[in-house]
Amino acid sequence: MRYAELARQLEGVTQRMLTRSLRHLERDGLIVRRDHGEVPPRVDYTLTPLGRGLLVGMMPLWTWIIDNAPAFRAARDRFDLDLDASDASPTAEARSIPD
């Protein structure tokens, strides 16, 4: 996959963070970087066999996360409502979490 394509698909990730992350993945042997030496620059990234193994191993976890995302959202909403309610109550100071 080309760098620009990765950047487009990862909304909200800065160029600096993407570059650092790709370098770490390359260092760990999970991806290979190929610089074509062209102008304008063209750089491709490919998963290594080790990277593909990680991806295959992560799929069950990602599936579980996606399947349970509504439960996560509901838990967060309940927590936030409870937190808001405790902030509004006169005894909120007693229940607050110290810094």
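Look up: the structure comes first, before these words.
Residues numbered from 1 in each chain as written. Predicted model: local features only at pLDDT ≥ 70, side-chain atom pairs only at ≥ 80, totals over all residues. Heavy atoms only, no water.

A. The packing of aromatic side chains, seen in detail. Under the defined criterion, the tally for this structure stands at 1 aromatic pair. Taking the centre distance of 5.7 Å and the plane angle of 65° together, the rings of Trp64 and Phe72 count as edge-to-face. Judged by relative accessible area, which is 47%, Trp64 ranks as partly exposed. (Phe/Tyr/Trp six-rings, centres within 6.5 Å; stacked < 30°, edge-to-face > 60°. Buried < 20%, exposed > 50% of the residue type's maximum accessible area, 1.4 Å probe, protein only.)

B. Local environment of the side chain of Thr48. Here Thr48 is to be found in the loop between strand 2 (43–47) and helix 3 (49–88). For Thr48, a relative accessible area of 11% puts it in the buried group. In terms of polar contacts, Thr48 uses its side chain to reach the backbone carbonyl oxygen of Gly29, at 2.5 Å. The contacts of Thr48, once residues within four sequence positions are left out, are Gly29, Leu30, Ile31 and Val32. (Helix = DSSP H or I, 4+ residues; strand = E, 2+ residues; numbered from the N terminus. Polar contact = N/O pair within 3.5 Å; in protein donor to acceptor, adjacent residues only side chain to side chain. Contact = heavy atoms within 4.5 Å.)

C. Spatial organisation of the side chain of Asp44. With respect to the helices, strands and loops of the structure, Asp44 is situated in strand 2. Arg2 provides the closest opposite charge to the buried, salt-bridge-free Asp44, at an N-O distance of 4.2 Å. In terms of polar contacts, Asp44 uses its side chain to reach the side chain of His36, at 2.5 Å. Contacts of Asp44, omitting those with residues within four sequence positions, involve Met1, Arg2, Val32, Arg33, Arg34 and His36. (Lys, Arg positive; Asp, Glu negative; His and termini not counted. Salt bridge = Lys/Arg side-chain N within 4 Å of Asp/Glu carboxyl O.)

D. Spatial organisation of a negative patch on the surface. Residues Asp77, Asp80, Asp84 and Asp87 make up a contiguous surface patch of negative charge. Within the fold, Asp80 resides in helix 3. Looking at Asp80, the relative accessible area reads 40%, which means it is partly exposed. (Patch = residues over 30% accessible without salt bridge, like charges linked within 9 Å, V, L, I, M, F, W, Y side chains within 5 Å. Areas by Shrake-Rupley, 256 points an atom, 1.4 Å probe, with all protein chains shown as cover. Charge placed at Lys NZ, Arg CZ, Asp CG, Glu CD.)

E. Region of interest: the layout of surface pockets. The computed volume of the largest pocket comes to approximately 550 Å³. In this structure, the largest pocket is lined by 20 residues; those nearest its centre are Leu6, Leu25, Ile31, Leu47 and Leu55. A per-element tally of the lining of the largest pocket places helix 3 first, with 6 residues. Split into classes, the residues belonging to the lining of the largest pocket amount to 16 nonpolar, 4 polar and no charged. (1 Å grid on protein atoms, 1.4 Å probe; cavity = no way out; pocket = protein on both sides within 12 Å on 5 of 7 lines; lining within 4 Å. Points joined across faces, edges and corners; volume = space filled by probe spheres on them. Nonpolar A, V, L, I, M, F, W, Y, C, P; charged D, E, K, R; others polar.)

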